[in-house]
Amino acid sequence: MPAAQIDGYKVLEIKTLGRNRDAEARQMLERVAKQVEPIMRKREWTVRKLSEFIPRSPNLLGLNVNRGQEVKIRLRRAGHEGAFYDWNHVLGTMLHELCHNRIGPHNAEFYKLLDELWGEAEELMDKGISGSGQGFDAPSAGRLGSHGFIPTHNPPEYQMAAAVRKVGAMPCIASGAL
């Protein structure tokens, strides 16, 4: 694959709304774009524009327009423009929207892919790997906790699978008499 093609498998442009705390909004979008870059390169996905948006619906967290032409992410809590969602929430929304590059409806195949992307993202963060924004891997700024983000519209079987995976990853500590 030509190097020019590989360099295109990432977020190409970032746009904020120019509102209060705009620098923080830009930093969050840049960070999430860099974190998912290795995942995007692996799957040969491109997002032409990653942008902040504040939709009318308070429940809408993200939108993928035309399979990656533009991905819009809500960074700020509905009704509280100065309060940002945490990193894991924004990353979860980005991974969800990236799934729409390949699969439109929220079906079993979609949620299986979302689980795969979460697993890859967790593995990359555990290893300190993110994209550099230049098409090469580099150490990340670190990991802030476990993702724990499960959208409320996920079917119960996927919520259960995510909970079981999370509990299974916890260390086992004995209590009481042995």
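Refer to the structure presented above.
Since the model is a prediction, treat every value here as computed from it, not as a measurement.

Draft legend 1. Structural context of the environment of Gln-35. Positionally, Gln-35 belongs in helix α2 (residues 22-43). Gln-35 sits in the buried class, given a relative accessible area of 4%. Separated by 86 residues in the primary sequence, Gln-35 and Ala-121 place their C-alpha atoms 7.5 Å from one another.

Draft legend 2. Seen up close, the packing of aromatic side chains. Counted according to the given criterion, the structure contains 1 aromatic pair. Centre to centre, the rings of Phe-110 and Tyr-111 are 5.1 Å apart; their planes meet at 80°, and the pair counts as edge-to-face. Just as Phe-110 is buried, Tyr-111 falls in that class too. Geometry around Trp-87 places Arg-31 over its ring, the cationic atom sitting 3.8 Å from the centre. Arg-43 extends its terminal NZ or CZ atom over the ring of Trp-45, reaching a point 5.6 Å from the ring centre.

Draft legend 3. Structural context of the sheet that holds strand β4 (residues 70-73). Sheet architecture is open: 4 strands sit in the order β1-β2-β4-β3, paired in mixed fashion. Edge positions in the open sheet fall to β1 (14-15) and β3 (62-65), since each of these has one partner strand only. Relative to β4, β3 runs antiparallel, the two being bridged by 4 bridges. Each residue of the ladder has a partner; that of Gly-62, found in β4, is Ile-73.

Draft legend 4. Looking closely at the pairing of strand β2 (residues 49-52). Inspection of the sheet shows β1 paired to β2 by 2 bridges, in the parallel sense. Across the sheet, the residue bridging to Lys-15 is Ser-51, located in β2. A crossover connection joins β1 to the parallel β2 through α2; in handedness this β-α-β unit is left-handed. In this structure, β2 lies alongside β4, joined through 4 bridges in parallel fashion. Among the inter-strand pairings, Lys-49 is bridged to a residue of β4, identified as Glu-70.

Draft legend 5. Structural context of the pattern of salt bridges. Per the counting criterion, the structure on display carries 10 salt bridges. For Arg-43, the salt bridge is made with Glu-120, and the minimal N-O distance between the two is 2.6 Å. Placement of Arg-43 in helix α2 and of Glu-120 in helix α4 (residues 108-126) is noted, with a sequence separation of 77 residues between them. Take Arg-43: its relative accessible area is 18%, and that puts it in the buried class. Of the charged contacts, one joins Arg-102 and Glu-109 as a salt bridge, the two residues approaching to 3.4 Å between their closest N and O atoms. Judged by its relative accessible area of 43%, Arg-102 falls in the partly exposed class. Several salt bridges share partner residues, and in doing so they unite Lys-42, Arg-43, Glu-116 and Glu-120 into one network.

Draft legend 6. Fine view of helix α3 (residues 87-99). Compared with the 18 Å implied by 1.5 Å per residue over 13 residues, the 19 Å span of α3 between its first and last C-alpha is a close match. Where α3 begins, the capping side chain belongs to Asp-86, and its oxygen is found 3.1 Å from the backbone nitrogen of Asn-88.

Rules used throughout
- Residue positions within a chain follow its written sequence, with the count starting from 1.
- Residue-level local features of this predicted model are given only where pLDDT is at least 70; pairs of side-chain atoms are given and counted only at 80 or more, and the full residue set underlies all totals for whole chains, interfaces and linings.
- Side-chain measures were taken over the full set of non-hydrogen atoms in the model, leaving aside hydrogen atoms and water.
- Only DSSP runs of H or I reaching four residues or more are called helices, and only runs of E reaching two or more are called strands; each is numbered from the N terminus.
- Buried residues are those whose accessible area, probed at 1.4 Å on protein chains only, stays under 20% of the maximum for their type, while exposed residues exceed 50% and partly exposed ones sit between those limits.
- A pair of aromatic rings is counted whenever rings of Phe, Tyr or Trp (Trp by its six-membered ring) have centres within 6.5 Å, and the orientation is called stacked for planes under 30 degrees apart, edge-to-face for over 60 and tilted otherwise.
- Charges are assigned to positions over rings by a cutoff of 6 Å between ring centre and Lys NZ or Arg CZ, combined with an angular limit of 35 degrees from the ring normal.
- At least two DSSP bridges between two strands are required for those strands to pair.
- By definition, the crossover connecting two strands over a helix is right-handed if that path, from the first strand to the second, turns clockwise as seen with the strands pointing away from the viewer.
- For salt bridges, the criterion is a side-chain nitrogen of Lys or Arg within 4 Å of an Asp or Glu carboxyl oxygen.
- One less than the residue count of a helix, multiplied by 1.5 Å, gives the span that helix is expected to have.
- Throughout this description, a polar contact denotes any pair of N or O atoms lying within 3.5 Å of each other; where both atoms belong to protein, one of them has to be capable of donating a hydrogen while the other can accept it, and for residues adjacent in sequence the pair is counted only when both atoms sit in side chains.

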